[in-house]
Amino acid sequence: MGVLTYFDFLAKFGVGGAHPGGIILTKELLANENISKNATILDAGCGTGQTAAFLAQEYQANVTGIEINPIMIEKAKNRFKTLNLPVKIIHGSVEETPFTDNSFDFVLSESVLAFVNKPKTLKEFYRVLKKGGRFIANEMTINQKLSFQDEQEIKQFYAVDHLLLEEDWKAQLENTGFKNIEIKKQKLSLAEGDHAPEFNFSANFEPELFAIFNMHANMILKYQDVLSYRIITCTK
Ligand SMILES: C[S@@+](CC[C@H](N)C(=O)[O-])C[C@H]1O[C@@H](n2cnc3c(N)ncnc32)[C@H](O)[C@@H]1O
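My aim in this report is to walk through the structure given alongside it, one point at a time. None of these values were measured; they are calculated from a predicted model.

The environment of the ligand is formed by 20 residues, the closest being Ala18, His19, Gly45, Glu67 and Val94. Take Ala18: an N or O atom from its main chain is 2.7 Å from an oxygen atom of the ligand. Within the complex, the protein chains bury 95% of what would otherwise be the 600 Å² of accessible surface of the ligand. In this structure, the ligand is accommodated by the largest pocket. For the shell around the ligand, the class distribution of residues is 10 nonpolar, eight polar and two charged.

If you want it as structure tokens, here you go:
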């Protein structure tokens, strides 16, 4: 295996709710939306499927997950099977999905958009949403412009192409055609973490993954004043 990445750590540790605020914040966000029974929901980059499972259980929603990492997919499938939930899961990229136009009431992106080609993926989310459908995201956001060196360190560790300010997210969403854009800063900082962590370890994972876990924790502490996240909601 080549150099291990932050995503290898997430996948092999089977981190559930791998986004700021974890499943607790997810539940809060969803409670603010008008999700009816059988609403069609796409969990884009669904990871091990914690949110997708919650949506199916709590709302009896018609949930589809799409995910690129095979280890994540396997863990998500096991979760849905164990819980006997009819969640569909597709192995593919959020940048180019197999879904037809106007097919979802909601698209959710919990810490996924930050890691992919944003204009391309936003266009895709817009395409698959129904008119009036809602896009909900929880994404890495910087509070202020960073020095070149700091920016490089964060971008390299998380393998992201750009670090966005709140206004950059707004511009990207507007360019895609979204309306009613709201971008909210949360009370809890990244360093205050996830209060309901969940792990589902792979057998025989590389011990080096602990080092990546530590580097992630250090990164969050080192950049606690500038590296943050925002809750983004908007409508097609
Ligand atoms: C930070 S994790 C968040 C996972 C999940 N949304 C959660 O909150 O637990 C980012 C996820 O996006 C997935 N991902 C990254 N690039 C992707 C792509 N192009 N298409 C689909 N999934 C992708 C990763 O494999 C990973 O599972």
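Let us look at the packing of helix H1 (residues 6–13) against helix H4 (residues 70–82). Contact pair H1 / H4: the axes reach a minimum separation of 9 Å and the direction vectors enclose 25°. With respect to H4, the axis of H1 lies roughly parallel. Taken as a pair, H1 and H4 cross one another with a handedness that is left-handed. Contact with H1, carried on its side by Leu10, Ala11, Lys12 and Phe13, involves Ile71, Met72 and Lys75 of H4 and no other residues of that element. For the contact of H1 with H4, the per-class residue count stands at five nonpolar, no polar and two charged.

A word on H1. When you tally the buried positions in H1, you get seven out of eight residues, the bulk of the element. Residues of H1 that are buried include every one of Tyr6, Asp8, Phe9, Leu10, Ala11, Lys12 and Phe13, and no others. In the core, the buried residues of H1 are packed alongside H4, helix H6 (148–158) and helix H8 (208–222). Looking one or two residues past H1, Gly14 carries a phi angle of roughly 60°, positive in sign.

This part is about the nonpolar core. With 54 residues, the main nonpolar core has Phe9, Ile35, Leu55, Tyr158 and Leu227 as its most contacted residues. With six residues, the single largest contributor to this core is helix H3 (residues 50–59). In contact with Ile35, not counting residues within four places along its chain, are Leu30, Ile41, Leu55, Tyr59 and Phe106. Counting residues in hydrophobic clusters, the runner-up holds 24 residues, among them Val94, Phe99, Leu122 and Cys234.

The residue Asn102 is not glycine, and still its phi comes out positive at about 50°. Its location among the elements puts Asn102 in the loop between strand E3 (88–91) and strand E4 (104–110). Despite not being glycine, Ala159 has its phi angle at roughly 55°, a positive value. By the element assignment, Ala159 lies in the loop between H6 and helix H7 (166–176).

Extensive coverage of strand E2 (residues 62–67) is indicated by the burial of five of its six residues. Relative to E2, strand E1 (residues 40–44) is paired through five bridges, and the arrangement is parallel. By the bridge assignment, Ala44 is partnered in E2 with Ile66. Taken together, E1, H3 and E2 form a β-α-β motif whose crossover is right-handed. Sheet analysis places E2 next to E3, joined by four bridges and oriented parallel. Residue Glu67 lies in a different strand from E3, and its bridge partner there is His91. In this fold, E2 hands off to H4, which returns the chain to E3; that crossover is right-handed.

As enumerated under the stated definition, the model contains 22 aromatic pairs in all. Judged by centre distance (5.3 Å) and plane angle (35°), the rings of Phe125 and Phe135 are tilted. You can see Phe125 sitting in helix H5 (residues 118–128) and its partner Phe135 sitting in strand E5 (residues 129–142), a full 10 residues away along the chain. Across the pair, Phe135 and Phe125 agree in class, each one buried. Both rings, one in Phe157 and one in Tyr158, keep their centres 4.8 Å apart while their planes meet at 85°; by these two values the pair is edge-to-face. What makes Tyr158 buried here is its relative accessible area of 4%.

Analysis parameters
Residues numbered from 1 in each chain as written. Predicted model: local features only at pLDDT ≥ 70, side-chain atom pairs only at ≥ 80, totals over all residues. Heavy atoms only, no water. Near = heavy atom within 4 Å. Polar contact = N/O pair within 3.5 Å; in protein donor to acceptor, adjacent residues only side chain to side chain. Areas by Shrake-Rupley, 256 points an atom, 1.4 Å probe, with all protein chains shown as cover. 1 Å grid on protein atoms, 1.4 Å probe; cavity = no way out; pocket = protein on both sides within 12 Å on 5 of 7 lines; lining within 4 Å. Sits in = over half its atoms within 2 Å of the grid points. Nonpolar A, V, L, I, M, F, W, Y, C, P; charged D, E, K, R; others polar. Axes fitted to C-alpha atoms, helices over the stretch in contact; angles between N-to-C directions. Helix = DSSP H or I, 4+ residues; strand = E, 2+ residues; numbered from the N terminus. Parallel < 35°, antiparallel > 145°, perpendicular 65-115°, else oblique. Left-handed = near helix turned anticlockwise from the far one by under 90°. Contact = heavy atoms within 4.5 Å. Buried < 20%, exposed > 50% of the residue type's maximum accessible area, 1.4 Å probe, protein only. Core = buried A, V, L, I, M, F, W, Y, C linked by side-chain atoms within 4.5 Å. Pairing = 2+ DSSP bridges. Right-handed = clockwise from strand over helix to strand, strands pointing away. Phe/Tyr/Trp six-rings, centres within 6.5 Å; stacked < 30°, edge-to-face > 60°.

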